[in-house]
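Descriptive structure summary
So the chains spell out like this:
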Amino acid sequence: MKQGLWTLLLVSAVSSAQGIDLAANETPLHTARDEAAIAKIPASFKFVEPGTLTVAISALNSPPLALLASDNRTRIGSDPDIARLLADSLGLKLKLVPTAWEDWPLGISAGRYDVALVNIAVTEQRKEKYDFATYRVDSLAFSVKSTSPIESVRGPADLAGRRVIVGSGTNQEKILLSWNAENEKAGRKPALPVYLTDDASGNLYIQSGRADVFFGPQSVASYKAALTGKTKVVGLGPKKAFVATTTKKGNGLVVALKAALDGAIARGDYQRALARWGEVGEAVTTSQINPPGITY
């Protein structure tokens, strides 16, 4: 990625994070019932709970994607907002189910959720089991402690020998492992993946020096850097991806989800949802079903 473009994206993301009003964002956003989208729900489709859209949402506090409201119970964030727009558009009640990243694939396959919205990127491998309707363009970022001597991460050599926090089974893990292969081929030490299951542990590891770099969603990294000043973003991942609603392959619901998203885009409600979480730069102009996914 060219230096000018990288700087522009980073400055834009941090500025957006600084303008987030968490108190105001606890008020739910709604959209109109969309008869055209409702008509695309397959007659044979059975919702987990009749009349309800059951959505797997991240159980982690990963603002602006998902976090707890001031009541320490209600899930808010850009993914819950998108889930509510989908339910409203399809004339359904909304049930959010906090879910660990490792659990959503089995939950979708086993029919425990109608949809998963856990910042899931489209990959060619995932398309074999799931159907996707895109709702954001996502990028990944490298962040470090604000006082870290690491000033830039541009490629494999910059992570050689570093302890890097990644999520198991994520795109960032695959990128890190592929970079490790490049480092080893070049005679450099590989990075050490550090696998954690909650955001609080990640913050502790970075601040205490038990890990050097956090590699995860760019929107989350930029939000943290702007909010606390304890971390800084030092690079963006090498690949961009589409983030999408995720459903069991072949059940047909994806067509209705795409229509619901396109309707919310046309009405401007989708843009309002992303804007209040600082994600305007990740907006799509139309939802796509099963677009080309990331390959490694």
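Now for a look at the structure at hand. Note that the structure is a prediction, hence the values are computed from the model and not measured.

Below, the discussion takes up helix α7 (residues 199–208). Within the span of α7, buried status applies to Asp199, Gly202, Tyr205 and Ile206. Here the buried residues of α7 occupy an arc of 120° about the axis, which is enough to place them on one side. Looking at the buried side of α7, the elements it contacts are β6 (130–145), β7 (163–166), β8 (192–195), β9 (213–217), α8 (218–228) and β10 (231–248). By the N-cap criterion, in which a side-chain oxygen at the helix start approaches the backbone nitrogen of a residue two or three places on, α7 is capped by Asp198, the distance to Ala200 being 3.3 Å.

Next up on the list: unusual backbone geometry. The amide bond that connects Pro63 to the next residue, Pro64, takes the cis arrangement and shows omega of 10°. Along the chain, Pro64 turns up in the loop between β1 (52–58) and β2 (67–68). The backbone of Asn119 shows a phi angle near 55°, a positive value even though the residue is not glycine. Mapped onto the elements, Asn119 comes out in the loop between β5 (115–117) and β6. You will see that Asn290, though not glycine, has its phi angle at about 45°, which is positive. Within the secondary structure, Asn290 sits in the segment after α10 (269–275).

Relative orientation of the contacting elements helix α4 (residues 78–89) and helix α9 (residues 253–267) amounts to 105°, with a least axis distance of 9 Å. The angle between the axes of α4 and α9 places the two elements in the roughly perpendicular class. For the pair α4 and α9, the contacting residues are Ile82, Leu85, Leu86 and Ser89 in the first and Leu257, Ala260, Leu261, Ala264 and Arg267 in the second.

Another aspect to go through is the pairing of β9. By the criterion of burial, β9 is predominantly enclosed, with 5 of the 5 residues buried. In the sheet, β6 pairs with β9 via 4 bridges, with the strands oriented antiparallel. Counterpart to Phe142 in the pairing with β9 is Phe215. Alignment of β7 against β9, held across 2 bridges, turns out to be parallel. Bridge pairing in β9 places Val164 opposite Val213.

We now examine the environment of Arg163. In this structure, Arg163 sits in strand β7. Since its relative accessible area comes to 29%, Arg163 is described here as partly exposed. Separated by 37 residues in sequence, Arg163 and Ala200 place their C-alpha atoms 17 Å apart. Among all residues touching Arg163, those that are not within four sequence positions of it are Leu192, Val194, Gly209, Arg210, Ala211, Asp212 and Val213. Among the polar contacts listed, one links the side chain of Arg163 to the backbone oxygen of Gly209, at a separation of 2.8 Å.

How each quantity is defined
Residues numbered from 1 in each chain as written. Predicted model: local features only at pLDDT ≥ 70, side-chain atom pairs only at ≥ 80, totals over all residues. Heavy atoms only, no water. Buried < 20%, exposed > 50% of the residue type's maximum accessible area, 1.4 Å probe, protein only. Helix = DSSP H or I, 4+ residues; strand = E, 2+ residues; numbered from the N terminus. Arc of directions from axis to C-beta. Contact = heavy atoms within 4.5 Å. Polar contact = N/O pair within 3.5 Å; in protein donor to acceptor, adjacent residues only side chain to side chain. Axes fitted to C-alpha atoms, helices over the stretch in contact; angles between N-to-C directions. Parallel < 35°, antiparallel > 145°, perpendicular 65-115°, else oblique. Pairing = 2+ DSSP bridges.

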